[in-house]
Amino acid sequence: MRRTWLFVLAGLAALATGWVLQVGQPTPGKQADGSVWVPTHQRLTKVGSWIELQGTRPKQVEIRGDGVFAALCTGRVRVFASNGEPQGDIALNTAGLGLAWSGDGATLYASMGDGKVATLGQVGGKWTKTAEWKVDAPPEADLSGPKSGNPQVNGLAWSPGHLYVALGIRNALVDMDPATGSVQRVVATGVAPYHVRVSSDGRWVAVSNRAGAVAAAGEASADSAGTNVKVDPRTDASQGGSISLVDTAAWTAREIPVGRQPSGAAFTGDGKTLVVADSDSDTISVLDVDRGEVTQTVSVRPPTDPGFGQMPTDVALSSDGKTLFVACGGLNAVLVADFGRSIRVRGFVPTAWYPIGLARRDGAMVVACSKGIGSRREDRANKWGPHDSVGVVQVLDDADWSDLKLLSGQVADNNRWNRETAPRPGQAPRPVPERVGEPSVFRHVVYIIKENLSYDSLLGDVPRGRGDPSLCMFGKDVSPNHHKLADEFVLLDNAYASGTNSADGHQWTSSSVANAYSEQNYSAYARSYPYDGGDPLAYSPAGFLWTAAVRAGKRVRVFGEFVNKPKIAHRETGKSGTWTELWNDYRTGSKNYEITSDTDNAALKPLLHPHYIGFPTVVSDQWRADQFLGDLKRWESEGAMPDLCVMLLPNDHTTGTRAGYPTPRAQVADNDLALGRIVEGLTHSKFWAETLILVVEDDTQLGLDHVDGHRIPAFCISPYTRRGAVVSETYDHASFVRTIGLVLGFPALNRFDRTATPLSACFASTPNDTPYDHAANIVPLDEMNKAPSELEGTARRLALACGELDWSEMDVADPETVTRAAWQSVFPERPFPEDRYERIDDDD
């Protein structure tokens, strides 16, 4: 195999090398100069035409022979004429990907999230669903995946008489009759097959297996949806990846190793070569189909933007096979390269946020940009939530990208390309060093991750910041400590969650990136919902904060984060207990329940507090605070504290108005008091002079915000913090991760934290070591939700709805229902902001 590193235009390299970090105060959304700012510290530049899709994210695009194209989106399939005019909008329970045209173009096949394939066609001139077929492998098939449950229908590819369907959880490819939906043949693939492509002559089917081969005995491995996958023991991330090349005549498959987590693929016109996007390796693999081996591996990382994070998601070839196009999800760009015996990168074309699907025909290119322009639907009247997505389908003619040098420079500027620079000798300690390896005044960082509140929902009543009091559900009377901390330290009113929900939010908070697997599966979580870990495919190959700190020789303690095996058991009966039983046990000090933590992540396991669990919220945050404060007391007696503590403090998630649990405001008050006690303990400890406390929310699903659906309450607490200041610099999750790395002296985890703005503006040069004293709770922590039988009207309906939700895992419960219930509970006489959510019909 020959490994070829990309060539970048000399002028582009010089431009990017000269980039200087600038801080500023943009808010996400469309800017005055026509660009768009998104909550990952990236700017978007419009090239070609953007078709904005209000309230949905496109995941895949396919072009018909006449130029008509379709987009598989969250919750629907959209069809467009070749000029971009809409032709059809079909509501559908869509999967993460899976879209294919029939040969005559009359039928469109789409994968569904419940293990089915839908056929779509025109009836009376209107696009509609014409049939749906359940697709699965027969139980007797010799496959490595589980034989029951949702098979996870993924990629599709049509060939005369055949519809090839990837079954992600079965680890199989199905040959389905495209006329009847009957399964004709099944062949085993590697683990987690996603994308499927068929050669033009129908001889070969290529299946991208995100996890590669099943882990062998003795190999480092972890479970993903019932199959053991190979993992990197240093980071717990999946390190496999393969292509199953299926001979359609013999119906046999060869498995060919490629880079980590292969995504989109494309055959050359003669079917002799396959090009593959290795999303977690930031590479392109070129396969010789007849020989069944990789002949080239090409990095897509520009020299001036090193480190993981370009995330190639899909590829396409020009009709003459001489030009290669690569959608780079992390870069918000399409890479353009000469394709032949070797690959020469010519430059980059800007796209909307997170290009995830790519199709090309006759000089035109269509790009599915899943996040589009962010979470700012035009019909929401400045009241936004994180799911107010505006996806973009971008249409590019060749003339749109003729000046690649200019466009490549724009991509470099939009992404703030830079390198790590060597530390300078003789630097005086400062709160946030300018370069990795320079000294900090801090020796300890405590990083607290909370759940689901937007800025306005918690701090919208603070007059000093950019708040909307009308959206503030949990103001000063509910969260006195959050407000006191914002008053006594610094108020951050321009900080953002980089993700959308807990599945990707916890990846961003802990590793400063959500990989392509996470983005592909947004709103299609058949395989996993990895808010608490539990799926190595969702992990960054560059690792987490704790793995980076350990690698740098730092002492680390983790409290609850990625504990996917929590256990609560009565010491005599073994029962898990209700909230009230656990609260009474805690309040009386009876200790009848044993609470233990565990994780599937082998690298994380030795760092965990043995009894501190994150979820479920049946456990009070006061109990969690006690576990941390108990460790702090021991550290004081021993005279040493870990360099990095990562803590999940989750009860501000709430359980809506579910009977048997505290009210939403009581759960937020519980979270508030715990945070206050933890900060008090640290500021009164012997470690306070050298300690930095950072607090973020993982996402904003419980609440609305008038600035942006991603804006979070966040806190920076230390002796050097600017007391009483308002800091409106633009920060995101990566800013907090970058700050931790600079303080503790380890390099950026990936491209996102390396290019993020650290929290330098929050600090003064001289310390004020006045400790913090927590505020007592005003709302009783055991203020309980009423039983539905005690309620009427909307309150009763929402309580019943909350009781029927699936609370087995966080965020499986419908966030709209929880948000409405919390609003109604806090403001029983105030109408819910209906200009934000679709109205739920009252059944009373």
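Treat the numbers as computed from the prediction; the structure is a model and nothing was measured.

Quick word on the sheet that holds strand S3 (residues 36-38)
1) Next: Here three strands make up an open sheet; going across it, the order is S2-S3-S4 and the pairing antiparallel. Either end of the sheet is taken by a strand with one partner, and the two such strands are strand S2 (29-30) and strand S4 (42-44).
2) Next: Inspection of the sheet shows S3 paired to S4 by three bridges, in the antiparallel sense. Opposite valine 38, over in S4, you have glutamine 42 as the bridge partner.

A word on the nonpolar core
1) Next: In terms of nonpolar packing, the biggest core is built from 124 residues, with Tyr447 and Phe628 touching the most fellow members.
2) Next: Counting residues per element, this core draws most heavily on helix H10 (residues 664-683), which supplies nine residues.
3) Next: With residues up to four places along the chain from it excluded, the contact list for phenylalanine 628 reads Val446, Phe559, Trp635, Cys645, Met647, Ile678 and Leu682.
4) Next: Within the second largest apolar cluster, 49 residues are counted, among which are Val61, Ala71, Val393 and Ala756.

Considerations on the environment of glycine 292
1) Next: Of note, glycine 292 is situated in the loop between strand S26 (283-288) and strand S27 (293-299).
2) Next: Along the chain, glycine 292 and aspartate 456 lie 164 residues apart, while their C-alpha atoms are 56 Å from each other.
3) Next: In contact with glycine 292, other than residues within four places in its own chain, are Arg254 and Ile256.

Notes on the side chain of threonine 313
1) Next: Assignment of secondary structure puts threonine 313 in strand S28 (residues 312-317).
2) Next: On the basis of relative accessible area, threonine 313 is assigned to the buried category, the value being 1%.
3) Next: Excluding its chain neighbours within four sequence positions, the residues that come into contact with threonine 313 are His195, Ser263, Gly264, Ala277, Ala327, Gly329, Tyr354, Pro355, Ile356 and Ala516.

Thoughts on the pairing of strand S35 (residues 444-450)
1) Next: S35 sits mainly inside the fold: seven of its seven residues count as buried.
2) Next: Sheet topology note: the S35/strand S42 (residues 644-648) ladder contains five bridges and is parallel. From the neighbouring strand, isoleucine 449 faces S42, where its bridge partner is leucine 648.

Description of the environment of alanine 514
1) Next: Along the chain, alanine 514 falls in the loop between helix H5 (502-511) and helix H6 (516-520).
2) Next: Between the alpha carbons of alanine 514 and glycine 330 there is a distance of 9.2 Å; along the sequence they are 184 residues apart.
3) Next: When neighbours within four sequence positions are excluded, alanine 514 is seen to be in contact with Met311, Asp504, Gln507, Trp508 and Glu519.

Focus on helix H2 (residues 404-415)
1) Next: Taking 1.5 Å of rise per residue, the 12 residues of H2 would be expected to cover 16 Å, and the 16 Å separating its terminal C-alpha atoms lies within 8% of that figure.
2) Next: Looking only at H2, the buried set comprises Leu404, Leu407, Ser408, Gly409, Val411, Ala412, Asn414 and Asn415.

Focus on the packing of helix H9 (residues 621-638) against H10
1) Next: The interhelical angle for the contact between H9 and H10, taken along N-to-C directions, is 10°, at an axis separation of 8 Å. By the angle class used here, H9 and H10 are roughly parallel. When H9 is examined against H10, the residues Asp621, Gln622, Ala625, Asp626, Phe628, Leu629 and Leu632 are found in contact with a partner set consisting of Asp670, Asn671, Leu673, Ala674, Arg677, Ile678, Gly681 and Leu682.
2) Next: Taken together, the residues that form the contact of H9 with H10 break down as eight nonpolar, three polar and four charged.

Focus on the side chain of serine 735
1) Next: Mapping serine 735 onto the fold places it in helix H11 (residues 733-744).
2) Next: Look at serine 735 and you get buried, because its relative accessible area is 0%.
3) Next: Not counting the four nearest positions on each side in its chain, serine 735 is found in contact with His41, Thr730, Ala756, Thr757, Pro758 and Leu759.

As for unusual backbone geometry
Glycine aside, residues mostly have negative phi angles, and peptide bonds mostly take the trans form.
1) Next: In this structure, proline 616 follows phenylalanine 615 across a cis peptide bond, with omega equal to 5°.
2) Next: Within the fold, proline 616 resides in the loop between strand S41 (608-613) and H9.
3) Next: A positive phi angle, near 55°, is found at arginine 416, a position not held by glycine.
4) Next: Tracing the chain through its elements places arginine 416 in the loop between H2 and S35.
5) Next: A residue is classified by how much of its surface remains accessible, and arginine 416, at 7% relative accessible area, is buried.
6) Next: Here the phi dihedral of threonine 654 falls at roughly 65°; this positive angle occurs in a residue that is not glycine.

With respect to the pattern of salt bridges
1) Next: Going through the model one piece at a time under the given rule, you end up with 49 salt bridges.
2) Next: Between aspartate 89 and arginine 76 there is a salt bridge, and its shortest N-O distance comes to 2.8 Å. With aspartate 89 in strand S9 (residues 86-91) and arginine 76 in strand S8 (residues 76-80), this pair connects stretches of sequence that are 13 residues apart.
3) Next: Taking the relative accessible area as the measure of exposure, aspartate 89 reaches 40% and is therefore partly exposed.

Description of the sheet that holds S42
1) Next: One open sheet accounts for six strands, arranged S41-S38-S42-S35-S43-S44; its pairing is mixed. Strands at the two margins of the open sheet, each flanked by one partner only, are S41 and strand S44 (715-717). Strand-to-strand twist of the sheet, defined as the mean angle between neighbouring strand axes without regard to direction, takes the value 10°.
2) Next: In this fold H10 packs onto S35, S42, strand S43 (691-697) and S44, with an angle of close to 180° to the strand it touches most, S35.
3) Next: The strands touched by H11 are S35, S42, S43 and S44; relative to S43, the strand with the most contacts, the crossing angle is about 165°.

Structural notes on H11
1) Next: Taking 1.5 Å per residue as the helical rise, H11 with its 12 residues ought to reach 16 Å, and the 17 Å between its terminal C-alpha atoms agrees with that figure.
2) Next: With 12 of 12 residues buried, H11 is to be regarded as a mostly interior element.
3) Next: Taken together, the buried positions of H11 are occupied by His733, Ala734, Ser735, Phe736, Val737, Arg738, Thr739, Ile740, Gly741, Leu742, Val743 and Leu744.
4) Next: After H11 finishes, the residue glycine 745 shows a positive phi value of roughly 85°.

How each quantity is defined
Residues numbered from 1 in each chain as written. Predicted model: local features only at pLDDT ≥ 70, side-chain atom pairs only at ≥ 80, totals over all residues. Heavy atoms only, no water. Pairing = 2+ DSSP bridges. Helix = DSSP H or I, 4+ residues; strand = E, 2+ residues; numbered from the N terminus. Core = buried A, V, L, I, M, F, W, Y, C linked by side-chain atoms within 4.5 Å. Buried < 20%, exposed > 50% of the residue type's maximum accessible area, 1.4 Å probe, protein only. Contact = heavy atoms within 4.5 Å. Expected span 1.5 Å × (residues − 1). Axes fitted to C-alpha atoms, helices over the stretch in contact; angles between N-to-C directions. Parallel < 35°, antiparallel > 145°, perpendicular 65-115°, else oblique. Nonpolar A, V, L, I, M, F, W, Y, C, P; charged D, E, K, R; others polar. Salt bridge = Lys/Arg side-chain N within 4 Å of Asp/Glu carboxyl O.

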